[in-house]
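Read off the chains here:
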Amino acid sequence: MSWLSTLRRKKFMDPLTAALYLVPAGAVVVIFRMLPIASAFVLSFFDVKMGRIRGFVGLAQYAKLLQDPTFWSSLGTTAYYVAGVVPLSLFLALLAAVLLNQKIRGLGFYRTVYFLPVVTSLVAVSMVWKWIFHPRLGLLNYFFELVGGGSLQWLDEPRGIFEMIAGGLGWSWWPDGFAGPSLALIAVIIVAVWRGIGYNIVIFLAGLQNIPGQYYEAARIDGASPAQVFWKVTWPLLSPTTFYVLLSTTIVSFQVFTQIYLMTGPPVGGPMGTTKVIVYYLFERGFDAGGNMGYASAVALVLFVIILSLTLIQRRVVERRVYY
Amino acid sequence: MGRKLLLVAVVGVAAVFAVAGCSKQEDGDGVVEVQFWHAMGGPLGDTLDGLVAEFNETHPDINIESVSMGRYQALSQKIMAAVAAGEPPVLAQAYEAWTGELIENGSAEPLDPYIEGPNGLSPGELADFVPGLLENNTWDGTIYSFPFNKSVRAIYWNKNLFEAAGLDRAPTDWDEYGSMARTLTRDLDGDGETDQWGTAGQISAWMFENLLIQNGGEILTPDGARAAFDSAEGIEALEFMVRLLTDYGKVTSGYEYQNDFQAGKVGMIEGSTVSLSYMEGKYTFDMAVAPLPHGKERGCFVAGTNVVIFSEAPKAKKDAAWTFIKWFTSPEVTARWAIGTGYAPVRMSALESESMQARFEEIEGLREVLAQLEFASYEPRSAAWYAGRKYLEEGGVESALRKQKDPSTALAEAAVAVNAELGG
């Protein structure tokens, strides 16, 4: 291996060598990430059926999109989903990470257990949860009935949960438009949180272990209570990690597809379209018979702009509170 | 050592890909390979595979490779993607709306040259097809697809429960449909809760569409440009459906209603004739089928797909695919397909065949159910309706059956969504 060491000695700092090293990864990123994004941008101005461009339509598809009530309702459904998954996932992952950061017995076991859902195939996870949620044969309703609760329709329930809770409290009237996400969507959210939490725990754990021990020691010497230690030491010093987890979870949640495709319906996105998220809407518009890839590309572009602006807003608003 | 292992692994993976790349079917020994994409699962897939195997045995120069793609939606997505990639199969099941798209794209092979060719069908044979079927496969005077798996709806009724309720036959009109369902809805153990239902069903645009034309309504305006199902006839039909399935019955998710019927908890259900193959041998009571009750008029929609040959395939494969279609739709084979699956035979003479007659002896009422083919209607074929139909199902029928909206509001809102689809 002497040629390798010669190479290293002589050329490692050479910019050309650096560029060469970047080519394989760079090619993958350009071919499979950048080019598709660019082509989606271009295609969104064309009528594209079955892989053939049928003509330039300008902004017509964007105009049609903004007038489609299904587009707006799928956007609303996605917003509910994100608003459900992100805070829940962050809170539970942080809680678990703090607990797993203690010196307890069987630590390795717990860490593995929490990470297991992440490495399990999402398809398998979705199918198993679909069974758990089954109204008649599912495990969840079995336990509900065991403790004397009624059985719920879960993935078949189109009613909003606020409306259902209000109904449970005996209010027969509930304002239209404030019914909240359907119980079916809540079921999907539960699975998403369960599945994604392990990944966030690992990131939080890494963040927690980066906090130097002397701060804790100093806090203890000053007689700080555990709550004070958490809010004055852990929370601020963990903020870069929390910020990263917030950003990545938000972005991934906006792009949810697999669980929706496998767990809901038929027809997918049901009941009553209350689980039809924006990426499934895109898929349906692009790939079903009569679909138009140009239109689907327009949807993708709009989603891209939404995620990008939300990320920028998060950077502006949240990053101010981050201590690097 | 570690590096060596890695090298072996990399080479191994590369070799697998290389071999996979080469293993694409080559037509050796003069056998023509024909890939056939379909969405037939369960007992339907078993029957289809059996018939395909028989065809391959009796036609040594052709090998039909039957590939199940799962659901229809998945099949359509795979076909559209394969056509876009320029690599469609030779033969595939397709709804009329898909065929329309394929014709527009130049991917659907016109079948008239095959029908009129040396290996074709005589005028007498063509006249033997169930009336309306070939017309429904014709675009601008050219036949582009061939009827494959066609079904109609039927009433399945539990004779024992009917007898216990003092009824001796299936309903023949809407009034009887409602009143019998009411009579069959019972609280057997007196605990104040219903434990036997008159009927049950799932959320289905198909059931509504049948009720709609029985009530004298139409799905779309005659020019196909606007929704017509939100008419007074449509509202009345949906009100009747809601009354049937919620007052004297229950709405279940998916095919659960069939399980409830098989368990003897439901007096009668509406279902496709194909449900026969799923239910066969799974019930212990006397079961019979009956044609749909008539409203103001008789009416029934034919459902199911056709088969298309893709233009992109080489001539020899297209000829072989036609040979398969011709064989599959011959009176004897279509009768056996019908017996195995519950689909309607596509040839009138098949109804008179010995095997079909024997089947009629087995399943009481099946003859009358299949006789509905004579006045059957077909759904609009446009891709816009195919895309818009889900708004009728989700927005219209589903929200009314779940009592989220009253039928007139539900249909009016669905019509707005469907019109947007038709107009765009």
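Thresholds, definitions, all that
Residues numbered from 1 in each chain as written. Chains lettered and ligands numbered in written order. Predicted model: local features only at pLDDT ≥ 70, side-chain atom pairs only at ≥ 80, totals over all residues. Heavy atoms only, no water. Buried < 20%, exposed > 50% of the residue type's maximum accessible area, 1.4 Å probe, protein only. Helix = DSSP H or I, 4+ residues; strand = E, 2+ residues; numbered from the N terminus. Pairing = 2+ DSSP bridges. Salt bridge = Lys/Arg side-chain N within 4 Å of Asp/Glu carboxyl O. Contact = heavy atoms within 4.5 Å. Buried area = accessible area lost by both parts, 1.4 Å probe. Axes fitted to C-alpha atoms, helices over the stretch in contact; angles between N-to-C directions. Parallel < 35°, antiparallel > 145°, perpendicular 65-115°, else oblique. Left-handed = near helix turned anticlockwise from the far one by under 90°. Nonpolar A, V, L, I, M, F, W, Y, C, P; charged D, E, K, R; others polar. Expected span 1.5 Å × (residues − 1). Polar contact = N/O pair within 3.5 Å; in protein donor to acceptor, adjacent residues only side chain to side chain. Phe/Tyr/Trp six-rings, centres within 6.5 Å; stacked < 30°, edge-to-face > 60°. Domains from an automatic or database assignment. pLDDT = per-residue confidence, 0-100. Patch = residues over 30% accessible without salt bridge, like charges linked within 9 Å, V, L, I, M, F, W, Y side chains within 5 Å. Areas by Shrake-Rupley, 256 points an atom, 1.4 Å probe, with all protein chains shown as cover. Lys, Arg positive; Asp, Glu negative; His and termini not counted. Charge placed at Lys NZ, Arg CZ, Asp CG, Glu CD.

Focus on the pairing of strand β12 (residues 301–309) of chain B
All names here are of chain B.
- Burial analysis of β12 places nine of its nine residues in the buried class, which makes it a mostly covered element.
- Judged from the four bridges that link them, strand β3 (residues 91–94) and β12 form a sheet pairing that is antiparallel. Directly across from Q93, in β12, lies its bridge partner V307.
- Where strand β6 (residues 145–151) and β12 come together, six bridges link them in antiparallel fashion. Residue pairing for β12: K150 is matched across the bridge by G304.
- One ladder, built from two bridges, connects β12 with strand β13 (residues 377–378); its direction is parallel.

Things to note about the pattern of salt bridges
- If you walk through the whole model with that rule in mind, you get 27 salt bridges over all chains.
- Between B:R347 and B:D128 there is a salt bridge, and its shortest N-O distance comes to 3.0 Å. With B:R347 in the loop between α15 (331–341) and α16 (348–351) and B:D128 in the loop between α6 (123–127) and α7 (133–136), the pair connects residues that are 219 residues apart, well separated along the chain.
- Assessed through its relative accessible area of 3%, B:R347 is described here as buried.
- The residue B:R389 makes a salt bridge to B:E209 at a minimum N-O spacing of 3.4 Å. Of the two residues, B:R389 sits in helix α19 (residues 383–401) while B:E209 sits in helix α10 (residues 205–214), which places them 180 residues apart along the sequence.
- Given the relative accessible area of 0%, B:E209 is considered buried.
- One network of salt bridges, in which partners are shared, links A:K276, A:E284, B:K390 and B:E394.

Quick look at the interface of chain B and chain A
- If you look at the interface, chain B gives 27 residues, while chain A gives 30 residues.
- Here chain B meets chain A over a buried area of about 2,600 Å², counting both sides, of which 46% is carbon and sulfur.
- Of all residues in chain B, the largest losses of buried area upon contact with chain A belong to B:Q77, B:N105 and B:E394, amounting jointly to 20% of the total for that side.
- A salt bridge links A:R136 to B:E256; the nearest nitrogen and oxygen atoms lie 3.2 Å apart.

Some remarks on the packing of helix α4 (residues 69–100) of chain A against helix α9 (residues 183–209) of chain A
Residues and elements named next belong to chain A.
- Between α4 and α9, whose axes approach to 7 Å, the crossing angle comes to 40 degrees. When the axes of α4 and α9 are compared, the pair comes out oblique. Handedness of the crossing formed by α4 with α9: right-handed.
- Looking at side-chain class alone, the contact of α4 with α9 contains 22 nonpolar, four polar and no charged residues.

A word on helix α14 (residues 293–318) of chain A
All names here are of chain A.
- Compared with the 38 Å implied by 1.5 Å per residue over 26 residues, the 36 Å span of α14 between its first and last C-alpha is a close match.
- Buried within α14 we find G294, Y295, A296, S297, A298, V299, L301, V302, L303, I307, T311 and Q314.
- Contact partners of the buried residues in α14: α2 (15–43), β1 (46–49), α3 (60–67), α4, α11 (226–254) and α13 (278–287).
- Here α14 starts with a cap whose side-chain oxygen sits 2.9 Å from the backbone nitrogen of G294, and that cap is N292.

Considerations on the environment of A:I189
Residue and element names in this part refer to chain A.
- Mapped onto the secondary structure, I189 falls in helix α9.
- For I189, a relative accessible area of 4% translates into the label buried.
- Put simply, I189 and I260 are 71 residues apart on the chain and 10.0 Å apart in space, counted from C-alpha to C-alpha.
- Those residues in contact with I189 that sit more than four places away from it in its chain are Y80, Y81, G84, V85 and L88.

A closer look at the packing of aromatic side chains
All names here are of chain A.
- Overall, the coordinates contain 45 aromatic pairs over all chains when judged by the stated rule.
- Summarising the aromatic geometry, the rings of F230 and W235 are spaced 6.4 Å apart at their centres and angled 35 degrees between planes, so their arrangement reads as tilted.
- Taking relative accessible area as the criterion, F230 reaches 18% and is therefore assigned buried.
- Looking at W235, the relative accessible area reads 35%, which means it is partly exposed.

With respect to the sheet that holds strand β10 (residues 266–272) of chain B
All names here are of chain B.
- The sheet built from five strands is open, its strands ordered β9-β8-β10-β7-β11 with mixed pairing. The open sheet terminates on both sides in strands that have one partner only, identified here as β9 (249–251) and β11 (287–290). Averaged over all neighbouring strand pairs, the angle between strand axes comes to 25 degrees, with direction disregarded.
- Strand contacts of helix α11 (residues 232–247): β8 (197–201) and β9, with the helix running at about 100 degrees to β9, the strand carrying the most contacts.

So, the domain arrangement of chain B
All names here are of chain B.
- Parsing chain B into structural domains produces domain 1 (34–150 + 304–375) and domain 2 (153–302 + 377–423).
- For domain 1 versus domain 2, the distance between C-alpha centres works out to 28 Å.
- Interface of domain 1 and domain 2: buried area, both sides summed, is about 2,400 Å²; carbon and sulfur atoms make up 61% of it.
- The largest per-residue losses of area from domain 1 upon contact with domain 2 belong to E364, Q372 and F375, which jointly make up 26% of the total buried on that side.
- Between R359 and E280 there is a salt bridge, with its nearest N and O atoms 3.1 Å apart.
- Here domain 1 is connected to domain 2 by 11 residue pairs in polar contact (both at pLDDT 80 or more).
- Every element with two or more residues in the side of domain 1 that touches domain 2 is listed here: α2 (42–58), α4 (96–104), α7, β4 (138–139), α15 and α18 (366–370).
- For the side of domain 1 that touches domain 2, the element with the most residues is α4, which contributes four residues.
- Residue composition of the side of domain 1 that touches domain 2, grouped by class: 14 nonpolar, 10 polar and seven charged.

Notes on the confidence of the model for chain A
- Confidence in the prediction for chain A averages 87 pLDDT; 94% of positions are at 70 or higher.
- Ranking the elements of chain A by mean pLDDT puts helix α1 (residues 2–11) of chain A last, at 61, and α4(A) first, at 93.

Observations regarding a negative patch on the surface
All names here are of chain B.
- On the surface, a cluster of negative charge is contributed by D187, D189, D191 and E193.
- Summarising the element assignment, E193 is placed in the loop between α9 (174–184) and β8.
- We classify E193 as exposed; its relative accessible area is 55%.

Here's the deal with the environment of B:A321
Residue and element names in this part refer to chain B.
- Within the fold, A321 resides in helix α14 (residues 315–328).
- Using a relative accessible area of 0% as the deciding quantity, one classes A321 as buried.
- Among residues more than four places away in sequence, those in contact with A321 are V34, V90, L91 and I309.

Regarding the packing of α2(B) against α14(B)
All names here are of chain B.
- The interhelical angle for the contact between α2 and α14, taken along N-to-C directions, is 115 degrees, at an axis separation of 11 Å. Remark: the crossing between α2 and α14 carries right-handed chirality. Facing α2, whose interface residues are L48, L51, V52, E54 and F55, α14 presents T323, F324, W327 and F328.

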